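Spelled out from the first residue to the last, the chains are:
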Amino acid sequence: MNFLPLKHYYRSLAVALIVPLLVAFFLCLHLYNLKLERAIESRQNGFNNISAQLSHAMSAADGLIDTMFKLYEQPLSYDFDPSWARNVNQFDHYYYQIVGDGVGEIVGQGKFASTAYAINQWRRVIALGPSFNTTLSLIQSLEAVAYVNEQGFVYIKRRNTAKSEFLTSVLDNKFRPLLVNSNKLASSPVLTINGHAYFAIGKQRAANSRDYIVLIYDLEAISSWLKKISPNYGEYIFINQDNQVIASSKTQLNIAVSASEHWPNVAVDMRKNNHSHLVQEATNLPIYTRFYESKQALSEPVGYDIFLEFAFLSVFLVMMFSAVFWLSQRIFVKPMTHLMNYLEQHDEGKQALVHYRIPVDWQPWFSRVKKVFSRNEELVQSLQEANKALDSQVQVKSKQLRRSIDAKERHLALLNTMLNNVPDLIYFKNIDGSFLGCNKAYERYIGLPQEKLVGQQLCDISDDNGELNELEKQVLKDRQAYQKRLTTEDNSYLFSIVPFYNEHQQFLGTMAIGRDITEQHNALNALQSSEAKLRSAMEYAANGVLLVSLDDQVLQANKAARKIFAIENANDLKLIDLFADTSYQALKNTLTELLHEKKKVYHFSLEQQEQQRWLQISVSLVWNAEQTPDYYVVHVQDVTDLVKAKDDAERATLAKSRFIANLSHEIRTPLNAVLGLIDVIALQGLTQPQAQPCRTGKISGQ
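Residues numbered from 1 in each chain as written. Predicted model: local features only at pLDDT ≥ 70, side-chain atom pairs only at ≥ 80, totals over all residues. Heavy atoms only, no water.

1. Let's talk about the overall build of the protein chain
Then step 1. In terms of helices and strands, the protein chain carries 17 helices and 24 strands.
Then step 2. Across the 702 residues that make up the protein chain, the buried fraction comes to 34%.
Then step 3. Considering only contacts in the protein chain between residues 6 or more positions apart, those separated by 24 or more positions represent 49%.
Then step 4. Accessible surface, the protein chain as shown: approximately 43,700 Å² in total, 55% of it carbon and sulfur. (Helix = DSSP H or I, 4+ residues; strand = E, 2+ residues; numbered from the N terminus. Buried < 20%, exposed > 50% of the residue type's maximum accessible area, 1.4 Å probe, protein only. Contact = heavy atoms within 4.5 Å. Areas by Shrake-Rupley, 256 points an atom, 1.4 Å probe, with all protein chains shown as cover.)

If you want it as structure tokens, here you go:
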């Protein structure tokens, strides 16, 4: 028999509550769509504001550069100090001069010549000094302003005059705008100098001129300006004509990043905008704006507001329903309560509530309730008997459990002793990131005892928690071990974070082990520094140096060797590729002899017949720690000029000897004839005055 009054009563109450809640839900859904449209409209307005500010800044920069070009073309109205062009600092390939006190710097390629054209060029560019200073004062994100002549002349005003690499980049036209041949403002690619990223915008002086003026910006300063003017939702970025990100409202940029790498997960149709990605038209601008905000970030605040409104509305409906329910209790349920009390009193033999009139609909249930009570009494008696048997079994199991707990406590004490004696840092965390325990080494590291550490999270007791927290989240997500090196002011640690499970393979949390690797880290740094010095010494050695494996593979070649053999790199080269066949065979025989006889160094010369040159070769064998041959070191010196000079000297000596021999022969033949004639004259008989000249002539001839 079904209790029809209460059945229909609760069903009607449920319908009365569900219908208003459904109406409230659909109403809040409509409000959600309205608020989402307003949020999209606010994003569009904010993007239009940022785009307008960028367009205004580019227009101002364009007008500023045009004004500078007009100042450059105007007749000079000041007296030029000739001392500025005197005593110019001349270097091997360029000259450099600081002009006046804060006027600027002039640098040029080649050798400076104090000609009328050079002095006139100095006078014109120095006239731009006040406008350059004003520009740097007004635009805080500017690093420098420069007038560049592609023939190798630069006049520049910059904030930091100590960066010589920066000045070299300007002189080498690395900041030259991409569209400098047009008469429009253009941007250059991003250039990283000494860990700072820069880019420039500029334009050429005239259509038939290759001179140009550039405004060089610091990427970090532009990102700071963009962050200050941008709303706090989404991310705004500036893109140059090379499709590189030069500023971001969320991060400070100091390297060149392409737009696709900055937003790798954003697929964008550049021809049209949508509410999550907005692109500024960049027809005549060197820089344009882009905006991106994920749909989730856009809809979450709106959904949260609607959720609160729905919650408040639901609470209101529930409160109203509760009032109605309370009234129904007073009107409907109270009579049933009196009836149940009547039944209880009737079972105990009392005559209470006999004056209460029982409704007709409730009378059939009285007998059924009485039967239920009698059945319950029987069940209670059987349950008591079962409880007694169960108590005895529980006592036996309790003794077994106490013995098991004692064994586990002994094992736990042994485990704690082992952990506390381990020098590594060890701690355990729950799934929510709170500490479960740690050893003594980690207590000393964190500065808190285990009693105060348990139950807390790392962010509550330490500020340096970003890297480990991210790694722990990754372990919780992937359920696999990860390692991370963490460096403090004094030490370096290698943390290994792994998931741990109970005996039923249920995931409990993470365990981390941190090992102090300060000594290994310092040794590795010293080894890397030593290797860097060795590689630099080899790379910039005056003679060519080749590192050759035992199978004739060229492992490395320094700068001098690459110049001697006219190669760009030594990748995938063998020794036979660098020498002629006969020269290679001689070198191969020497290497084989060096490998077998274990002599330290061989010195010899090789003739490169194909290139018509001579090479002085020195080869040695390097042994590893196991005293086995590792690789050859081949020192190469081009002695072609020396050999040619020796051959020329030998040929000159031979020609001189032949000339002296021929000259001696030509002189000796007539002298013999003269001496013979003198002897013939002396035999014919001469007077004393005549005999003396004859003797003198004979002695002179001999």
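2. As for helix α3 (residues 129-138)
Then step 1. Within the sequence span of α3, burial applies to Gly 129, Ser 131, Phe 132, Thr 135 and Leu 136. Taken end-on, α3 shows its buried residues confined to a sector of 165 degrees, consistent with a single buried face. α3 presents Pro 130, Ser 137 and Leu 138 as exposed residues on the side facing more than 90 degrees away from its buried surface. (Arc of directions from axis to C-beta.)

3. A closer look at a nonpolar patch on the surface
Then step 1. A cluster of nonpolar side chains, namely Ile 18, Leu 22, Phe 25, Phe 26 and Leu 29, defines an oily patch on the protein surface of about 490 Å² accessible area.
Then step 2. Take Phe 26: it is sitting in helix α1 (residues 4-73).
Then step 3. Under the relative-accessibility criterion, Phe 26 is labelled exposed at 54%. (Patch = residues over 30% accessible without salt bridge, like charges linked within 9 Å, V, L, I, M, F, W, Y side chains within 5 Å. Salt bridge = Lys/Arg side-chain N within 4 Å of Asp/Glu carboxyl O.)

4. A few points about the sheet that holds strand β12 (residues 257-258)
Then step 1. Strand order in the open sheet formed by five strands is β12-β11-β10-β14-β13, and the pairing between neighbours is antiparallel. Taken across any chain shown, the strands that pair with only one partner, and hence form the sheet edges, are β12 and β13 (277-279).
Then step 2. In terms of strand pairing, strand β10 (residues 235-240) meets strand β14 (residues 287-292) through six bridges, oriented antiparallel. Bridge pairing links Tyr 236 to Phe 291 in β14.
Then step 3. Contacts between helix α5 (residues 219-229) and the sheet are confined to β10 and β11 (244-248), with β11 contributing the most and set at about 55 degrees to the helix. (Pairing = 2+ DSSP bridges. Axes fitted to C-alpha atoms, helices over the stretch in contact; angles between N-to-C directions.)

5. Some remarks on the side chain of Lys 203
Then step 1. For Lys 203, the position within the fold is in strand β8 (residues 196-204).
Then step 2. Owing to a relative accessible area of 5%, Lys 203 belongs among the buried residues under this scheme.
Then step 3. Among the polar contacts listed, one links the side chain of Lys 203 to the side chain of Asp 62, at a separation of 2.9 Å.
Then step 4. Polar side-chain contacts of Lys 203 include one of 2.9 Å to the side chain of Asp 66. (Polar contact = N/O pair within 3.5 Å; in protein donor to acceptor, adjacent residues only side chain to side chain.)

6. As for the packing of helix α16 (residues 640-683) against helix α17 (residues 688-701)
For any two helices packed against each other, one specifies the inter-axial angle together with the distance between the axes.
Then step 1. Taken N-terminus to C-terminus, the directions of α16 and α17 make an angle of 155 degrees; their axes are 10 Å apart at the nearest point. Judged by the angle between their axes, α16 and α17 are roughly antiparallel. Once α16 is placed against α17, the crossing between them reads as left-handed. For the pair α16 and α17, the contacting residues are Leu 671, Leu 675, Ile 678, Asp 679 and Ile 681 in the first and Cys 694, Gly 697, Lys 698 and Gly 701 in the second.
Then step 2. Residues that form the contact of α16 with α17 fall into these classes: five nonpolar, two polar and two charged. (Parallel < 35°, antiparallel > 145°, perpendicular 65-115°, else oblique. Left-handed = near helix turned anticlockwise from the far one by under 90°. Nonpolar A, V, L, I, M, F, W, Y, C, P; charged D, E, K, R; others polar.)

7. Here's the deal with the packing of aromatic side chains
Then step 1. Within this structure, the stated rule accounts for 22 aromatic pairs.
Then step 2. Seen from their ring centres, Phe 112 and Trp 122 are 5.4 Å apart, and the 45 degrees between their planes marks the pair as tilted. Here the residue Phe 112 occupies a position in the loop between β3 (104-109) and α2 (116-126), and Trp 122 occupies one in helix α2, the gap between them amounting to 10 residues.
Then step 3. Judged by relative accessible area, which is 16%, Phe 112 ranks as buried.
Then step 4. Ring geometry for Tyr 493 against Phe 495: centres 6.2 Å apart, planes inclined by 50 degrees, an arrangement best described as tilted. With respect to class, Tyr 493 is no different from Phe 495; both count as buried.
Then step 5. An aromatic cluster of three or more residues is present, and its members are Tyr 427, Phe 435, Tyr 442, Tyr 445, Tyr 493 and Phe 495.
Then step 6. One cation-aromatic arrangement involves Arg 43 over Tyr 233; the distance from NZ or CZ to the ring centre is 3.9 Å.
Then step 7. For the cation-ring pair, Arg 479 lies above Phe 507, with the distance from its terminal atom to the ring centre recorded as 3.9 Å. (Phe/Tyr/Trp six-rings, centres within 6.5 Å; stacked < 30°, edge-to-face > 60°. Lys NZ or Arg CZ within 6 Å of the ring centre and 35° of its normal.)

8. A few points about the sheet that holds strand β15 (residues 425-430)
Then step 1. Spatially, the five strands line up as an open sheet ordered β16-β15-β19-β18-β17, and their pairing is antiparallel. Only two strands of the sheet have a single neighbouring strand rather than two, namely β16 (435-438) and β17 (482-487). In this sheet, adjacent strand axes meet at a mean angle of 25 degrees when their direction is disregarded.
Then step 2. Sheet topology note: the β15/strand β19 (residues 507-516) ladder contains six bridges and is antiparallel. Bridge pairing in β19 links Asn 430 to Gly 509.
Then step 3. Each of β15, β17, β18 (492-501) and β19 touches helix α12 (residues 466-478); the most contacted strand, β17, lies at about 175 degrees to it.

9. Notes on the pattern of salt bridges
Then step 1. Tallied over the entire structure, the rule returns 14 salt bridges.
Then step 2. Among the ionic pairs, Arg 205 bridges to Asp 211, the shortest N-O distance being 3.2 Å.
Then step 3. Note on Asp 211: relative accessible area 7%, which makes it buried.
Then step 4. Ionic pairing is found between Lys 440 and Glu 443, a salt bridge with its closest N-O pair at 3.8 Å. On the criterion of helical spacing, the pair formed by Lys 440 and Glu 443 is a turn pair, its members being three residues apart in helix α9 (residues 440-446).
Then step 5. With relative accessibility at 14%, the residue Glu 443 sits in the buried group.
Then step 6. Salt bridges sharing common partners tie together Asp 62, Asp 66 and Lys 203.

10. Here's the deal with the nonpolar core
One recurring pattern in soluble globular proteins is that nonpolar side chains are buried together.
Then step 1. Ranked by size, the top nonpolar core spans 56 residues in total, and within it Ile 106, Trp 122, Tyr 147, Tyr 155, Phe 199, Ile 201 and Phe 238 carry the most contacts.
Then step 2. No other element matches the nine residues that α1 contributes to this core.
Then step 3. Those residues in contact with Phe 238 that sit more than four places away from it in its chain are Ile 50, Leu 54, Ile 222, Trp 225, Leu 226, Gln 244, Val 245, Ile 246, Ala 247, Ile 287, Tyr 288 and Thr 289.
Then step 4. Counting residues in hydrophobic clusters, the runner-up holds 23 residues, among them Ala 570, Leu 575, Leu 587 and Val 636. (Core = buried A, V, L, I, M, F, W, Y, C linked by side-chain atoms within 4.5 Å.)

11. Observations regarding the side chain of Arg 43
Then step 1. In this structure, Arg 43 sits in helix α1.
Then step 2. For Arg 43, the side chain forms a polar contact with the side chain of Glu 293, separated by 2.8 Å.
Then step 3. The residues touching Arg 43, leaving out its near neighbours within four places in the chain, are Tyr 233, Tyr 236, Leu 278, Phe 291, Glu 293 and Leu 298.

12. Some words on helix α15 (residues 581-597)
Then step 1. End to end, α15 covers 24 Å across 17 residues, agreeing with the expected 24 Å (1.5 Å per residue, within 8%).
Then step 2. Considered for burial, the residues of α15 that qualify are Ser 583, Tyr 584, Leu 587, Thr 590, Leu 591 and Leu 594. In an axial view of α15, the angular spread of the buried residues amounts to 125 degrees, which keeps them on one side of the axis. The outward face of α15, more than 90 degrees from its buried face, is lined by the exposed residues Asp 581, Thr 582, His 596 and Glu 597. (Expected span 1.5 Å × (residues − 1).)

13. Section: unusual backbone geometry
Then step 1. Positive phi values are uncommon outside glycine, yet Asn 194 reaches one of about 55 degrees.
Then step 2. With respect to the element layout, Asn 194 can be found in the loop between β7 (191-193) and β8.
Then step 3. Unusually for a residue other than glycine, Asn 243 sits at a positive phi of about 60 degrees.
Then step 4. As for its placement among the helices and strands, Asn 243 is situated in the loop between β10 and β11.

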